[in-house]
Each structure stands twice: as structure tokens, then as C-alpha cells.
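So the chains spell out like this:
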Amino acid sequence: MRKSLIALSVTAAILAGCGSDNKTPETVNTPPQSTDVAYDVAQSMDLSGQLEGSDAEGGLSFSLVDPADVKLGTLTITNPSSGAFTYRSDAMEGTEVVRFKVSDGQYESISTLTINITGGDPLYAYQWHLKNNGQNAFAANRGIAGEDINVADAIASGVKGQGVVVAVVDDGVEISHPDLAPNIVSGGSYNLITGTVDPTPFSDGAAHGTAVSGIIAAAGWNGIGGRGVAPEAKVIGFNFLDSDPTGAVSSVQTFENFAKSHGASAYSDYARVFNQSYGYNVPFPHTFDEDENEVYADIAQNSADGKGSIFVKSAGNGYNYYSWSGYYWLPGDYFDVSGNEKANLGLPFHNANMSTDNANVFNLVVSAVNAKGELSSYSSVGSNVFVTAPGGEYGDDDPAIVTTDRAGCDKGWTVTDDRPATPFAGGQHPLNLTCDYTSEMNGTSSAAPNTSGAVAMIMSANPSLSWRDVRYILASTATEIQPDIAPVEVPVGSGDSAVEYDAIPSWIKNAAGFHFHNFYGFGRVDVSAAVAAAKNYTQDLGSYIITDWQSHENLEKSIPDASVSGASDGIEIADDMVIEAVQIEVSADHLRLPDLAVELISPSGTRSVVMTPYNGMVYQGVMDPSDPTDYVPGFENTPMLSNAFYGESTKGTWTLKVIDVNSGDYSFILYPVQYVDIPNESQGVLKGWSIRFHGHKVASAS
């Protein structure tokens, strides 16, 4: 037996040496195996999933059999080797059935991925301000895709406004509305008339604050209505703009109620965002309400354990005209223009700096843009605008904002009697049978809550941020829309000697690298970019500094009539500080104030038009010159604000220019009473001005 084995071994060795049979046995390739998988996902939320497959030999590759199988959302295989994937859909509900395959290069196996989309908001598809797909939002015309505040990535990441309370200071809030109730702080609101915790307006037709609240924080993923910008933020409401039908309370808008609703009382001191979709217009210069300013300054800086709060403020709706004291005040050519012509030489009749609460640094002033990414036709503008946000148009021809209305077809704006105003009104649309929603909310009243919702999202993403950090994030992440927008120019002088005055410059880039425009401030709010910046925030703004006013008085400088040279004066600033805002006060005698433009020029050369000419300061046309209490000689310590210098240095000479642009005729309309002429003023005088800065010290090298 041993011999036989040895013989065989020798033979095998000889054969091996001759190379006659040295092949490695063939490797057997086992076909890969795949398994059907299923997932549930909510509308607009990111799903991170795993396709299932295996192979004994390894080396698998995952792919879709046909990418066209994906019909309701976006599916991306993020790791073809492991089968990891992401999926997102804006569909309200539905089932996505997608075939996938695993391959080892020779064999493949096919299985099915099933994704069930649940818990959506049926009106989200019409909320162009959140995601603009070019939808019409029940209007005759469509918007332009992409012109929105870009909430998608922020929401999908799980940031929804959690942990942030927003105070809606308005005509009240219907806290029982089914799409608001989940986000209303129980017992947290306050009725300034009755002293109860229900701020629902007395009038059935009052729906403004309810619509505002829905833009901010309508509940998400509940199968009804739409969604707020911050769909899990909390809301408290105050009926500061309401009225008492019994007459027992003559005016709700007292300073006491202002303090109660704006953070200076236990009723509201836990809110970190205050939405003020209200404002006023007056046809003459005026000064600050110092009592209100003290509240703003204190709450903005010191609330929330020193982190402070944000007051969001509508710029106004007076680009074309405004109302005051029971009349409409309009530019004189308002009814004369046609076609593509623009009244008032294309300039705003209400410059946002005409309202001194808008010249308060602690109010973050917001203008409005429409679904085409352009300034809304009505929006007030000015150098005090910080950002812009969707306000839309009127909802009939062009999209307005889809949001909550008073519940029921007998209350609010969308009522049975409204038929057939829009396809959405009147209780006949299948998505609005009980008239709980409106498609006609607009104005800077809509732009403000879009911004308040954005602020809530930023604070939710990083609760340690201060009010100044939030402002920095908004300024540095805003989208520069209409980057090629032309300046608005007006002729100064007549005939061949006339020159064009740049009354609203095109976009500027200041010395600190920030882009700014009087229409849009730093640009349109970008929620996802802002949330991402909040999560990774490292900026150190240091301690907040408000400088003393520095003044030049008794100047008595003549303002040349119809001359772009104007009257100018400079103030030298020795301190080197980083600017967060600049305020000025101007005193000038001039009996036709709409002739005047006011400019401020920084040491770096940045030019900001803080008061545009042809504005609506027209009271001089109807004043009684013999009555000292009615007489308006011009500007008298009139405050104005500019955000155009954000990030620049204070150090150097700041130049104020006051320019008279018109020596010809001028009139305005006091509607419906009369046309009013104001005689030319050729004896204008710059009497004095003051400047102060808000900001922080320049960081020194360690």
C-alpha cells in the first residue's frame, strides 16, 4: 500500500514537472440576491434608506432598472456599492414603486422599492412662496420657478421652528383654527380688550392676523390646508389692531397695550420673534415715539437671557399711493399714465423712511416681492429695508399668498358671498369647501411673516444665536434678485442742460462686500442657506455699541434750486467701529419737501439715498401757514435709517447731501377731493444734521 502511494506521488511529480496538468479549479460565481424593501416618508422630508442585496463573493453594484419609475419625487442612490439612497417628495400622498437591481458584473437580481408618502398638506403645492414651480396659486397668471424663499432643504433636514415662540401683534388670531391650533401656545395669547386668553377678533370679517399666523406657522403634515414657513414654531396672538364694538375701549393702541404685546410684560416676554404686519403713513416729517423706542431697544437687546429678540416690521404698501386721515394721497400724475408708463417718475410715493418706526434700528424692515421675483407693485421701499420676502400681488391676475383664513364660509375673507372672485373662494373648491383658507393674502403684511418664519427657523437651528447674529445671517445669506435691475433716474433742470439724478441706484457692493438695494435690502430671504449658516455659525460680533449722536448745527447752507450739486456737509468720525446700522437726523427748511433727496456717503465712498425725491411729504400743500401747530417748515430733526453700510468702518468723513431736483410745477391728489399744487421753493436751507452708529469694535489680533 505504501509502495503504491509512493509510486503515485512520483508519477504526479513527474507530470507536474512536465506542465501537463497544473490548472486552478474554476471559481463558482454565485448569483446575487436582492430583497423587496418598503419605507414610509412624509411630504417634503428626506428619507435615507437602504436597498437590500447580497452576494457570496461580494462586489455588488446597486442601480435603478429604469429611472423613469420614479414619478413622485427625487431618488438618488448615494452609494452604489452599499445601496444607500435618499428620497424626497412634495406629493401630498401616494405610493412610489421603483425597481432596482443588484449586479456582480455577470449576474443581476431585480427587486422592488416601495415608498409610501403620507401626512402631506394639500395646499402646499400652491404655496409658491415656499417652493415656486411656476404655479398660479388660483390666479390667472403663473409665477416663475425658483422665485421663492427656499425652505426645502431646511425642512427636509428636520428644522421646523421647534422651540421658538412668535408673537403675532395684529388684529387678533383665531386660535381655534384647525390648522393653527396645534401650534398655538395654550393660554399664551392675550385679548387686549377683554383681558381673556382668546385674541380672536370681534369682527367676523377680520382675518388679517389669522392669515399672518398661517404664513408663519400653519401646522405641517396634518392632512389639511397648507404649511407655515416654520411649521412647528409656536404662536401667541395679540389683538393690538382690533376695536371694541361696544365702545367701552376707545382705543386698543395705547402705549400700555403696546408694551403688553411687544415683550415688555409677562404676557409676551417669552416670545423671541414679534411680527408687526402693520404701519402708518403720514404726509409730513415727524420724530420718534421715544416710549416705544425704549421698549424696542430693551427687548431687542436684553430679553431671552441676553440673547435678545427680533422685531419684524412691514415696510408699507405705499409705492403708488397711501391713505391717511380718511383720504388717499396720490402723486399728481397718477391717473394720467398708461401702458408701461409709471406714475411719479417711477419713484415711491411712500418712502419707508417716512414712517419713523421704520427708521428704528430695532425693527427689521421687510419689503415685498412677487411670484416673478420682482418688487411687488405696491411695496414701499427705502434704505431702511433690511431684506425682502414674498408678498405676492393681489391673487386675481397674479399670485398672492395661500394661507389660513377665518374658519367657515361666514367669516373672514373667503366667504360664500365672495363667489366668483377666484376659483378658490366661495366654498366651492374641493380643497376649500369650508372656506378655511384664502388665496388672496398679500402686501408687506405677508412679507413680514415670511421673514418671521425664517427667523424662527434660524433660531430653531441654533438656539444660542443673539438677535444680532440672526441679522448677520440674514444679511449674509440673502439672495440678490434682479441683479441687473436698472437705476431709477429723474431729470434735474430743463432743456439741454438737464442732467439725470440717480434717485434709486442699482445694486451696490459696499466696502465690506455686502450687496444692497433700496428695493430689496440685502436681498430675498433664503431659509435653507440661513439655517445652514446658523448650524455652522462662528462669527463673533463682540459687544453691541450705540454711539452718541454727533451733530453739526447752525449750518445755514443754501440748497440750490434744481441742482444736483445740492448742499453738503461732512462730519469726521475718529473711532474705528464695524457698522451694523447708521441713523441720521436732518433739519432743513424747505416749503416743497417732495423736491428734496437726502444722501449719505460713507468714508469708503458708498452712497445711500436715504430719502428719495417726489415722495409723499405733501402736507405743505394743505397746511394753514398762519397756524403754528399746523405749519410744516421742512425737516426738523427728522430721523432716517440706512442699512447700506453694513460691515463698513465708521472711521473717516461722513457726508450728507440734500439735493433739490425740481424747479418746475408740482401737484398731488387729495382723493377724492381735489388736485393740490405746491409752489416751488427756491430758498431751501440745510440747517443741521446728526449721525450715530450701531455696531461693534474692530476685532484685534490676538
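Look up a bit, the structure's there.
Computed from a prediction, not measured in an experiment: that's the story for all the values here.

K.L.:
What should I look at first to understand the sheet that holds strand 7 (residues 84-89) in this one?
P.N.:
Where strands meet in a sheet, backbone hydrogen bonds hold them as pairs that are either parallel or antiparallel. In space, the three strands of this open sheet follow the order 3-7-6, with antiparallel pairing throughout. Two strands in the sheet have a free side with no partner beyond their single neighbour: strand 3 (47-50) and strand 6 (73-79). Pairs of neighbouring strands in the sheet enclose a mean axial angle of 25°, with direction left out of account.

K.L.:
For this particular structure, what's the right way to read the side chain of N462?
P.N.:
Along the polypeptide, N462 turns up in the loop between helix 6 (444-461) and helix 7 (467-477). A distance of 2.6 Å separates polar atoms of two side chains, one belonging to N462 and the other to S464. A polar contact of 2.9 Å, which involves the side chain of N462, links it to the backbone oxygen of A534.

K.L.:
Please clarify how helix 5 (residues 290-302) should be interpreted in this entry.
P.N.:
Residues that lie three or four places apart on an α-helix share one face, since the helix turns once every 3.6 residues. When the terminal C-alpha atoms of helix 5 are compared, their 18 Å separation across 13 residues agrees well with the 18 Å that a helix rising 1.5 Å per residue should span. Among the residues making up helix 5, those that are buried are N293, V295, Y296, A297, I299 and A300. On its buried face, helix 5 is in contact with helix 4 (255-261), strand 12 (273-276), strand 13 (310-314), strand 16 (363-369) and helix 7. With a side-chain oxygen lying 3.2 Å from the backbone nitrogen of D291, the N-terminal cap of helix 5 falls on D289. In the segment just after helix 5, A304 is the residue with positive phi, at about 50°.

K.L.:
Help me out: how do you make sense of the sheet that holds strand 11 (residues 234-238) in this one?
P.N.:
One open sheet holds the six strands; their spatial order is 11-10-12-13-16-17, and the pairing between them is parallel. The open sheet has two edge strands, strand 11 and strand 17 (385-390), and neither has a second partner. Along the sheet, successive strands turn relative to each other by an average axial angle of 30°, direction set aside. In terms of strand pairing, strand 13 meets strand 16 through four bridges, oriented parallel. Looking across to strand 16, one finds that F311 is bridged to N363. Together, strand 12, strand 13 and strand 16 form the strand contacts of helix 5, whose direction differs from that of strand 13 by roughly 130°. Sheet strands in contact with helix 7 are strand 13, strand 16 and strand 17, and its direction is about 65° off that of strand 17.

K.L.:
What exactly am I supposed to notice about the state of the cysteines here?
P.N.:
One covalent bond between the sulfur atoms of two cysteine residues makes up a disulfide. Applying the stated criterion to the full structure yields one disulfide. Note that C409 is cross-linked by a disulfide to C435, the S-S spacing being 1.9 Å. Linking C409 and C435, the disulfide has an S-S dihedral of approximately 80° and is accordingly described as right-handed. One end of the pair, C409, is in the loop between strand 18 (401-404) and strand 19 (437-441); the other, C435, is in the loop between strand 18 and strand 19, and 26 residues separate them in sequence.

K.L.:
Please explain the pairing of strand 17 as it appears in this structure.
P.N.:
Across a regular strand the side chains alternate sides, sitting on one face of the sheet and then on the other. Among the six residues in strand 17, six count as buried, and that is most of the element. Strand direction decides the pairing type here: strand 16 and strand 17, joined by five bridges, are parallel. Bridge pairing in strand 17 links S367 to T388.

K.L.:
Quick question: what am I supposed to make of the packing of helix 6 against helix 8 (residues 527-535) here?
P.N.:
Between two packed helices, what matters for the description is the angle formed by their axes and the separation of those axes. Running from amino to carboxyl end, helix 6 crosses helix 8 at an angle of 25°, the nearest separation of the two axes being 8 Å. With respect to their mutual orientation, helix 6 and helix 8 come out roughly parallel. Between helix 6 and helix 8 lies a crossing whose hand is right-handed. Here A454, M457, I458 and A461 of helix 6 lie close against helix 8, whose contacting residues are V527, A530, V531, A534 and K535. Taken together, the residues of the contact of helix 6 with helix 8 sort by class into eight nonpolar, no polar and one charged.

K.L.:
Hey, could you run me through the pattern of salt bridges in this one?
P.N.:
Pairing is possible between side chains that carry opposite charge, provided their charged atoms lie close to one another. For the coordinates displayed, the defined rule picks out 19 salt bridges. A salt bridge links K101 to E108; the shortest N-O distance between them is 4.0 Å. Here E108 falls in the partly exposed class, since its relative accessible area comes to 46%. Between D357 and K313 there is a salt bridge, with its nearest N and O atoms 3.6 Å apart. Taken together, the residues span a long stretch of sequence, with D357 in the loop between strand 15 (327-331) and strand 16 and K313 in strand 13 at a distance of 44 residues. The exposure class assigned to D357 is buried, which follows from its relative accessible area of 10%. Given the relative accessible area of 1%, K313 is considered buried. Three or more residues joined by partner-sharing salt bridges are found here, namely D46, R88 and D153.

K.L.:
What should I look at first to understand the nonpolar core in this one?
P.N.:
One broad rule of soluble globular proteins: the nonpolar side chains tend to lie buried together. Core analysis: the biggest nonpolar cluster contains 100 residues, and L474 and V527 have the highest contact counts within it. Looking at this core element by element, the count peaks at nine residues for helix 6. Apart from residues no more than four positions distant in its own chain, L474 is found in contact with L364, F386, V387, V455, I458 and V525. Counting 62 residues, the second largest nonpolar core, distinct from the first, contains Y501, F519, Y520 and V582.

K.L.:
How do you make sense of helix 3 (residues 208-217) when you look at a structure like this?
P.N.:
The buried fraction of helix 3 is high, at ten of ten residues. Among the residues of helix 3, H208, G209, T210, A211, V212, S213, G214, I215, I216 and A217 are the ones counted as buried. Residues of helix 3 that are buried make contact with strand 10 (165-169), strand 11, strand 12, strand 18, strand 19 and helix 6.

K.L.:
I would appreciate a short explanation of a nonpolar patch on the surface in the present structure.
P.N.:
A contiguous nonpolar surface patch, about 540 Å² in accessible area, is contributed by Y321, Y328, F335, Y671 and Y675. Relative to the assigned elements, Y321 resides in the loop between strand 13 and strand 14 (322-324). You can call Y321 partly exposed: its relative accessible area is 33%.

K.L.:
Before we go on, may I ask you to explain the pairing of strand 31 (residues 634-642) in this structure?
P.N.:
With seven of nine residues buried, strand 31 lies mostly within the body of the structure. Sheet topology note: the strand 28 (residues 577-589)/strand 31 ladder contains seven bridges and is antiparallel. When the bridges of strand 31 are listed, A588 appears paired with F635.

K.L.:
Looking at this model, I keep getting lost on the packing of aromatic side chains. Mind explaining?
P.N.:
For any pair of aromatic rings, geometry is given as the distance between the ring centres together with the angle between the planes. Following the criterion strictly, the structure yields 40 aromatic pairs and no others. These aromatic residues form a ring-pair network of at least three members: F240, F255, F258, F274, Y278, Y296 and F311. The positively charged end of K160 is found above the aromatic ring belonging to W221, 4.6 Å away from the centroid. The side chain of R227 reaches across the aromatic face of Y124, ending 4.0 Å from its centre.

What counts and how
Residues numbered from 1 in each chain as written. Predicted model: local features only at pLDDT ≥ 70, side-chain atom pairs only at ≥ 80, totals over all residues. Heavy atoms only, no water. Pairing = 2+ DSSP bridges. Helix = DSSP H or I, 4+ residues; strand = E, 2+ residues; numbered from the N terminus. Axes fitted to C-alpha atoms, helices over the stretch in contact; angles between N-to-C directions. Polar contact = N/O pair within 3.5 Å; in protein donor to acceptor, adjacent residues only side chain to side chain. Expected span 1.5 Å × (residues − 1). Buried < 20%, exposed > 50% of the residue type's maximum accessible area, 1.4 Å probe, protein only. Contact = heavy atoms within 4.5 Å. Disulfide = S-S within 2.5 Å. Parallel < 35°, antiparallel > 145°, perpendicular 65-115°, else oblique. Left-handed = near helix turned anticlockwise from the far one by under 90°. Nonpolar A, V, L, I, M, F, W, Y, C, P; charged D, E, K, R; others polar. Salt bridge = Lys/Arg side-chain N within 4 Å of Asp/Glu carboxyl O. Core = buried A, V, L, I, M, F, W, Y, C linked by side-chain atoms within 4.5 Å. Patch = residues over 30% accessible without salt bridge, like charges linked within 9 Å, V, L, I, M, F, W, Y side chains within 5 Å. Areas by Shrake-Rupley, 256 points an atom, 1.4 Å probe, with all protein chains shown as cover. Phe/Tyr/Trp six-rings, centres within 6.5 Å; stacked < 30°, edge-to-face > 60°. Lys NZ or Arg CZ within 6 Å of the ring centre and 35° of its normal.

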